[in-house]
Each structure stands twice: as structure tokens, then as C-alpha cells.
Amino acid sequence: MSAALLDGKALSARMRERLGQEATALPRQPGLAVILVGDDPASAVYVRNKEKDCAQCGVRCLNHHLPAETTQQELLALVEEMNRREAVDGILVQLPVPEGLASRAVLQALRPEKEVGGLMLGLPRFLPCTPAGVMALLRAYGISPAGKHCVVVGRSNIVGKPMALLLLAEDATVTVCHSRTPDLAEQCRRADILISAVGRR
């Protein structure tokens, strides 16, 4: 069987166009609060992309960029303020937060109906963005994970672990690999569907 390259950019453009049309039909413009603490370069890029996505989808983006010196109390106070605001429909706390801040406590402080990062596993209102995008890509190309051997490279709470759970929910047999997996190349060759979530090609 030959490998297939799936075009996520084209699918993303179609989805943004559809979502923009749906947003304009709502009684008011949806609002997303994005909270970024510190100056992690990868996080800054991710947040900029979210701002662009919001603009294209008709969503108002409320960006809160806090300094790395922000205290846990200050961060939780901002989360609580966003929880209370009626104009804020979703809250995205960009991870990782700087050392000294407890990300679990911050995520637990979010109202479940507003936590759009999908990081509170077990509360299925929203799915984590990247794994949900992978599942949408598979569906768009008519690829069912059911009965397939899927290999996920990466075990992060943001991508790897939720990706494995979503594949399991679709009746795939899932192997999760990581930096300590012996003979990673052989594990990857055995995959019917290979998903790499390690931040590099």
C-alpha cells in the first residue's frame, strides 16, 4: 500500500469559510479569550495563528498576554474574570505556562463550558484542537481508523494522549510511541496510519 499525503491546509481553509458563514448567522459575535503567559516563541506563534483564525471565522479574539512574572493568584483572577464575562464564550489558556505556575490548577479553574482547549479529559464538550483536526482530516479523505493499526509518536497531554483516545473511540488498535520506545522506526513501519506529534517532521 502506498503512502497518502493529506492536505490539511486545504481542509482548514474550507472549514474556516464554513465557520465564518455560521458565525455571521448567530445573534451576536462569539468571543474567545486567549491567555498567554510569558514569552515562549512556539506559544506566541500558536496564539498569532489563533488570532488569524478568529478573524477569518468571525470570532472576536480577546488576547491577554501576561508577563512571565505573573503570579498564580493573578492568573487565576484573570481566568475568573473571563469565566464571568458573558461576551466570552470560550477561554484558551496557552500551555506551557512558565515554571512556578500550576497549569492543572488553572485548567481546573475554567468553567467547563468555556474551556475550549479540550485539555480537561473526561469532559467531552470540546476536543483538543490538533487531535480533532487529525480526525477531521481522516474523515475528509474517507479514511476510517476502525480495525487499523494506528501508531501515535508522542505522548503529550495536548496531542499524543488525546489522539490515542480519539482513535480508540473509532475502533482502532493504537500504539503510542515516545522518546524511550525501542526501535521506533520499526514501530512506525508497522502502522496503517502514522501520526507524529513531536513537533518536527
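Everything here concerns the structure above.
Residues numbered from 1 in each chain as written. Predicted model: local features only at pLDDT ≥ 70, side-chain atom pairs only at ≥ 80, totals over all residues. Heavy atoms only, no water.

*Asks:* Residues and numbers for the nonpolar core, please.
*Replies:* A general tendency of soluble globular proteins is for nonpolar side chains to be buried together. Ile 35, Leu 75, Met 82, Ile 91 and Val 93 are the most contacted members of the largest nonpolar core, which totals 18 residues. Contributions of two or more residues to this core are made by strand 1 (31-37), strand 2 (60-66), helix 3 (72-84), strand 3 (90-93) and helix 4 (103-109). Top contributing element to this core by residue count: helix 3, with 4 residues. Among all residues touching Ile 35, those that are not within four sequence positions of it are His 64, Leu 66, Leu 75, Leu 78, Val 79, Met 82, Ile 91, Leu 92, Val 93 and Gln 94. Residues Leu 138, Cys 150, Leu 166 and Ile 193 belong to the second largest nonpolar core, which totals 11 residues. (Core = buried A, V, L, I, M, F, W, Y, C linked by side-chain atoms within 4.5 Å. Buried < 20%, exposed > 50% of the residue type's maximum accessible area, 1.4 Å probe, protein only. Helix = DSSP H or I, 4+ residues; strand = E, 2+ residues; numbered from the N terminus. Contact = heavy atoms within 4.5 Å.)

*Asks:* For the sheet that holds strand 5 (residues 173-177), give the residues involved together with the corresponding values.
*Replies:* With respect to topology, 3 strands assemble into an open sheet ordered 5-4-6, the strand pairing being parallel. Here the strands that pair on one side only, and so sit at the sheet edges, are strand 5 and strand 6 (193-196). The sheet shows a mean angle of 15° between the axes of neighbouring strands, taken without regard to direction. Two strands pair when backbone bridges link them, and strand 4 (residues 149-153) and strand 6 are joined in this way by 4 bridges, in the parallel orientation. Each bridged residue has a counterpart across the sheet, and for Val 153 the counterpart in strand 6 is Ser 196. Its contacts with the sheet put helix 6 (residues 160-169) on strand 4, strand 5 and strand 6, and the angle it makes with strand 4 is roughly 170°. (Pairing = 2+ DSSP bridges. Axes fitted to C-alpha atoms, helices over the stretch in contact; angles between N-to-C directions.)

*Asks:* Run through the side chain of His 149, naming residues and quoting values.
*Replies:* Here His 149 lies in strand 4. Those residues in contact with His 149 that sit more than four places away from it in its chain are Thr 173, Thr 175, Arg 190, Ala 191, Asp 192 and Ile 193.

*Asks:* If you had to explain helix 1 (residues 8-24) to someone new, which residues and values would you point to?
*Replies:* Since the α-helix packs 3.6 residues into each turn, any two residues three or four apart lie on the same face. For helix 1, spanning 17 residues, the distance from its first C-alpha to its last is 24 Å, which sits close to the expected 24 Å at 1.5 Å a residue. Among the residues of helix 1, Leu 11, Gly 20 and Ala 23 are the ones counted as buried. Residues of helix 1 that are buried make contact with helix 2 (41-57) and helix 5 (129-140). Its side-chain oxygen 3.2 Å from the backbone nitrogen of Lys 9, Asp 7 forms the N-cap of helix 1. (Expected span 1.5 Å × (residues − 1). Polar contact = N/O pair within 3.5 Å; in protein donor to acceptor, adjacent residues only side chain to side chain.)

Function-wise, these values are silent; they only describe arrangement.
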